[in-house]
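For reference, the chains in residue letters:
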Amino acid sequence: MDISPEHPRNAGRLLWPGDDLTRIPDWVYTDQEVYEREVERIFHGRTWNYVALEAELPNAGDFIRSNVGPTPVVVSRAKDGAVHVFENRCTHRAAEFCRELTGNVKEFVCPYHQWTYDLKGRLQGVPFRRGVAGAGGMPKEFTTADHSPRQLAVTTHRGVVFASYAPDMEPLADYLGPEVMREFEATFDGRALVILGHYRHSLPGNWKLYHENLKDPYHATLLHTFLVTFGLLVAGNKSLMLADASGRHGVMCSAKSDVSKVTAEAKGEMRAFKEGMKLADARMMAFIDEFDSPWSVTMATIWPNLIVQREMNTLGIRQLVPTGPNEFIMKWTMFGFEGDSEEMTRHRLRQGNLMGPAGFLGLEDNEAIKFVQDGMLRVPGGEHLVALDPATPFGTSETLISESAIRGMYRHWREVMGL
Amino acid sequence: MTDPRLEALLLRAEIEAFNADYCARLDRQDLNAWVQCFTEDAFYVVISRENFERGQPVGLIYCEGRPMIQDRAFALLNTAMFGPRYLRHMVSNLSVAAQPDGSVQARANFVVFEVLTDRPDARLLQVGEYRDVFVRDGEALKLRERRCVYDNLLIPTALCIPV
Ligand SMILES: [Fe+2]
């Protein structure tokens, strides 16, 4: 379906308001056809999509179910040690054949008619291919080689596995750009990862709102009492809202500061600031400086489906799985490092109370994103205002009171989407 | 000499009453009263069955000691931003095993319904199992451990009130 603004059926529809990026129309977040184009051009287009951590697949035969955009894929480690990613769809009758979240197998067997696939996702066996007693069976010209599920390109870096529908993607380093790669490598610093567990939640909002939330340092200084009261991210902190040259990736960076140095003026602007708030157990907010980085908190938004959370010592991957314009699923994988003492692991787990769908920050973000989608669905046809910090039209900003990284993301999005 | 069957029944009734009271405190969102259900050294975690069965420790809520449980209550009551909601906690299928050291291991199924103010339906927020260790604090039973192991891996939006 042609959704370009020039097409006659779209007269007056899907028009970008104005000639800059300070207003974003609701249809960007709610339109089914726009969503379908995003799947085609973004998730199935020229992007590297996060699919797994290598630590989830240490041995040959290990697999996990994952997604690229909304599309279910299998990530598996073959006997040669390489990681393979292929669609979780039987080439016979379309069954999503891999059902377990994770496991170890010698081969994959579709439960419906027992077609078998090897660990690289190649079709191996078709029962009764030659029929029985000379009757029935597949046509003579049928070859298994032509009937394998779609294979994706794979790349790994520092234990993180990415896949792409584009067979000729540029290397990950070029895709991320040097500044985002530096922050990626500051978190994945070469220590082997240890998986501590998962959170999974659905969210009734458009998937891009999650990126925007983490390219929006303004909200962080206002919504989250835990960030401002304990000095993690306060107006006036040493901070940076980084965007790559394309605008699609970003990293929100902040250095923990002494809250006693927050100015009275800044405190007055922040309703969430709770003067004198103390925890009964202060261990949760302790910061153990373990990274070669000036930042105590970094939140990387890696286009299109990955968030890397380094919130002091609680570390996690968030994988975004869109299920339509108005909803997405988020899968979190929390990790530590080999060599962590038992106390360090517990520290990460205690600090984990900040994040996830029950986290002191995490639940607030999820609720806020729901409220935004509610607003658009119930008072439709409007637009969002993202005009903070006009001195930076788009891209990296050094002030937290800025929406330039959101504008940078939409500069890229409009180009790819042709809208 | 007391009949051991009678003792077992009494203990079971006591834990059932405890759980009903625990749920009532959460349902009326009296989180400060909820904190008092735990011993000073209590461990409280809300953990997916996926993590629990793999031996992975990450919990949605993870508290070592009553002070952390108290911080959870304080934050939810005073700082956290979330939409208004009502919850109903249901507990059933209790099993009880008294231990030689005087503690009591117990398990029970739980279901938590959540009603948002702008939807007609009560949705199933969580379904799972409490895996508990109770101890006596004077006369009263308190929780030294409560692991809320939930089966529905996908949380709808957010878990705002404890389980
Ligand atoms: Fe936030």
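Residues numbered from 1 in each chain as written. Chains lettered and ligands numbered in written order. Predicted model: local features only at pLDDT ≥ 70, side-chain atom pairs only at ≥ 80, totals over all residues. Heavy atoms only, no water.

Visitor: Would you take a moment to explain the overall build of chain A for this structure?
Guide: A count of helices and strands for chain A gives 11 helices and 19 strands. Against the globule reference of 22 Å for 419 residues, chain A gives a C-alpha radius of gyration of 23 Å, in line with a compact fold. Over its C-alpha atoms, taken along the principal directions, chain A stretches across nearly 90 × 65 × 35 Å. For chain A, the proportion of its 419 residues judged to be buried stands at 59%. For chain A, restricting intrachain contacts to residue pairs at least 6 apart in sequence, the fraction spanning at least 24 positions comes to 65%. When the accessible surface of chain A is split by element, carbon and sulfur atoms take 52% of a total near 16,900 Å². Each charge class in chain A can be summarised by its mean position, and for the 45 positive and 54 negative side chains these summaries are 4 Å apart. (Helix = DSSP H or I, 4+ residues; strand = E, 2+ residues; numbered from the N terminus. Rg over C-alpha atoms; globule rule 2.2 N^0.38 Å. Buried < 20%, exposed > 50% of the residue type's maximum accessible area, 1.4 Å probe, protein only. Contact = heavy atoms within 4.5 Å. Areas by Shrake-Rupley, 256 points an atom, 1.4 Å probe, with all protein chains shown as cover. Lys, Arg positive; Asp, Glu negative; His and termini not counted. Charge placed at Lys NZ, Arg CZ, Asp CG, Glu CD.)

Visitor: When you look at the pattern of salt bridges in this model, what are you seeing that I'm missing?
Guide: Opposite charge on two side chains permits pairing when their charged atoms draw close. Residue and element names in this part refer to chain A. Applying the stated rule across the entire model yields 44 salt bridges over all chains. Ionic pairing is found between Glu56 and Lys331, a salt bridge with its closest N-O pair at 3.9 Å. Of this pair, Glu56 sits in the loop between β2 (49-53) and β3 (62-68) while Lys331 sits in strand β18 (residues 327-337), and the two are 275 residues apart along the sequence. Glu56 gets classed as buried once you look at its relative accessible area, which sits at 14%. Here Lys331 falls in the buried class, since its relative accessible area comes to 9%. Close ionic contact of Arg158 with Glu185 constitutes a salt bridge, the shortest N to O distance being 3.9 Å. (Salt bridge = Lys/Arg side-chain N within 4 Å of Asp/Glu carboxyl O.)

Visitor: Explanation requested: the coordination of the iron ion in the structure shown.
Guide: Octahedral six-donor coordination of a metal ideally yields angles of 90 or 180 degrees, compared with 109.5 degrees for tetrahedral four-donor coordination. All names here are of chain A. Here the iron ion is held by the protein donor atoms His219 (NE2), His224 (NE2), Asp365 (OD) and Asp365 (OD), which lie 2.0 to 2.6 Å from it. Relative to the metal, the 4 donor atoms surrounding the iron ion lie at angles of 56 to 145 degrees, and the coordination shape comes out irregular. Mapping the donors of the iron ion onto the primary sequence yields the spacing H-x4-H-x140-D. Within this pair, whereas His224 is found in the loop between α6 (217-220) and α7 (225-229), its partner Asp365 is found in helix α10 (residues 362-378), the two being separated by 141 residues in sequence. Both residues of the pair, His224 and Asp365, belong to the buried class. (Donors = N, O, S within 2.8 Å, 3.2 Å for Na, K, Ca; no water. Tetrahedral: all angles 85-135°; square planar, octahedral: opposite > 155°, others 65-115°.)

Visitor: It is not clear to me how the sheet that holds strand β17 (residues 314-324) of chain A should be interpreted in this structure. Could you clarify?
Guide: Picture the strands of a sheet paired through backbone hydrogen bonds; they go either parallel or antiparallel. Here we have 8 strands laid out as an open sheet, ordered β13(A)-β14(A)-β15(A)-β16(A)-β17(A)-β18(A)-β12(A)-β7(B), and mixed in their pairing. In this open sheet, the two edge strands, each paired with only one partner strand, are β13 (239-243) of chain A together with β7 (154-156) of chain B. Mean inter-strand twist for the sheet, computed between neighbouring axes without regard to direction, equals 15 degrees. Bridge count for strand β14 (residues 250-254) of chain A against strand β15 (residues 297-302) of chain A is 5 bridges, and the pairing is antiparallel. In the sheet register, A:Met252 faces β15(A), and the bridge partner there is A:Met299. (Pairing = 2+ DSSP bridges. Axes fitted to C-alpha atoms, helices over the stretch in contact; angles between N-to-C directions.)

Visitor: Explanation requested: the packing of helix α2 (residues 32-43) of chain A against helix α11 (residues 404-417) of chain A in the structure shown.
Guide: Any two packed helices are characterised by the angle at which their axes cross and by the distance between the axes. All names here are of chain A. Orientation of α2 relative to α11, taken along the N-to-C sense of each, is 90 degrees, at an axis distance of 10 Å. In terms of their interaxial angle, α2 and α11 are classed as roughly perpendicular. Here Val34, Arg37, Glu38, Arg41 and Ile42 of α2 come into contact with α11, specifically with Trp413, Val416 and Met417. Here the contact of α2 with α11 is built from residues that sort into 5 nonpolar, no polar and 3 charged. (Parallel < 35°, antiparallel > 145°, perpendicular 65-115°, else oblique. Nonpolar A, V, L, I, M, F, W, Y, C, P; charged D, E, K, R; others polar.)

Visitor: Whenever I open this one, the environment of A:Tyr175 confuses me. Can you help?
Guide: Mapped onto the elements, A:Tyr175 comes out in helix α3 (residues 172-176). As for A:Tyr175 and A:Glu327, which are separated by 152 residues in sequence, their C-alpha atoms are 27 Å apart.

Visitor: Is there a simple way to think about the interface of chain A and chain B in this case?
Guide: It is common to give the size of an interface as the accessible area lost on bringing the parts into contact. At the interface, 39 residues of chain A touch 37 residues of chain B. Note on chain A versus chain B: buried area summed over both sides is about 3,400 Å², and carbon and sulfur give 60% of it. Viewed at the interface, chain B and chain A are joined by 6 salt bridges. The closest approach of N and O atoms between A:Arg346 and B:Glu64, which form a salt bridge, is 3.2 Å. The interface formed by chain A and chain B includes 21 residue pairs in polar contact (both at pLDDT 80 or more). Broken down by secondary-structure element, the contributors of at least two residues to the side of chain A that touches chain B are β12 (193-203), α7, β18, α9 (342-351) and α10 of chain A. Taken together, the residues of the side of chain A that touches chain B sort by class into 20 nonpolar, 8 polar and 11 charged. (Buried area = accessible area lost by both parts, 1.4 Å probe. Polar contact = N/O pair within 3.5 Å; in protein donor to acceptor, adjacent residues only side chain to side chain.)

Visitor: Please clarify how the confidence of the model for chain B should be interpreted in this entry.
Guide: Low-pLDDT portions of the prediction should not be read for the details of their coordinates. In the predicted model, chain B carries a mean pLDDT of 96, and the fraction of residues at 70 or more is 99%. Scored by ipTM, the complex comes to 0.97, with pTM at 0.95. (pLDDT = per-residue confidence, 0-100.)

Visitor: Please explain the packing of aromatic side chains as it appears in this structure.
Guide: Geometry of an aromatic ring pair is reported as the spacing of the ring centres plus the angle between the planes. A complete count under the given rule lists 28 aromatic pairs over all chains for this structure. Measuring from ring centre to ring centre gives 5.8 Å for A:Phe86 and A:Phe108, while their planes differ by 75 degrees; the resulting arrangement is edge-to-face. Taken as a pair, A:Phe86 in strand β5 (residues 83-87) and A:Phe108 in strand β7 (residues 108-109) lie far apart in primary sequence, 22 residues in all. Each member of the pair, A:Phe86 as well as A:Phe108, carries the same accessibility label: buried. Members of the aromatic cluster, connected to one another through ring pairs, are B:Phe18, B:Tyr22, B:Trp34, B:Phe38, B:Tyr44, B:Phe110, B:Tyr130 and B:Phe134. Note that A:Arg310 overlies the ring of A:Phe291, its terminal NZ or CZ placed 4.6 Å from the centroid. Here the basic side chain of B:Arg146 rests over the ring of B:Tyr22, its NZ or CZ set 4.3 Å away from the ring centre. (Phe/Tyr/Trp six-rings, centres within 6.5 Å; stacked < 30°, edge-to-face > 60°. Lys NZ or Arg CZ within 6 Å of the ring centre and 35° of its normal.)

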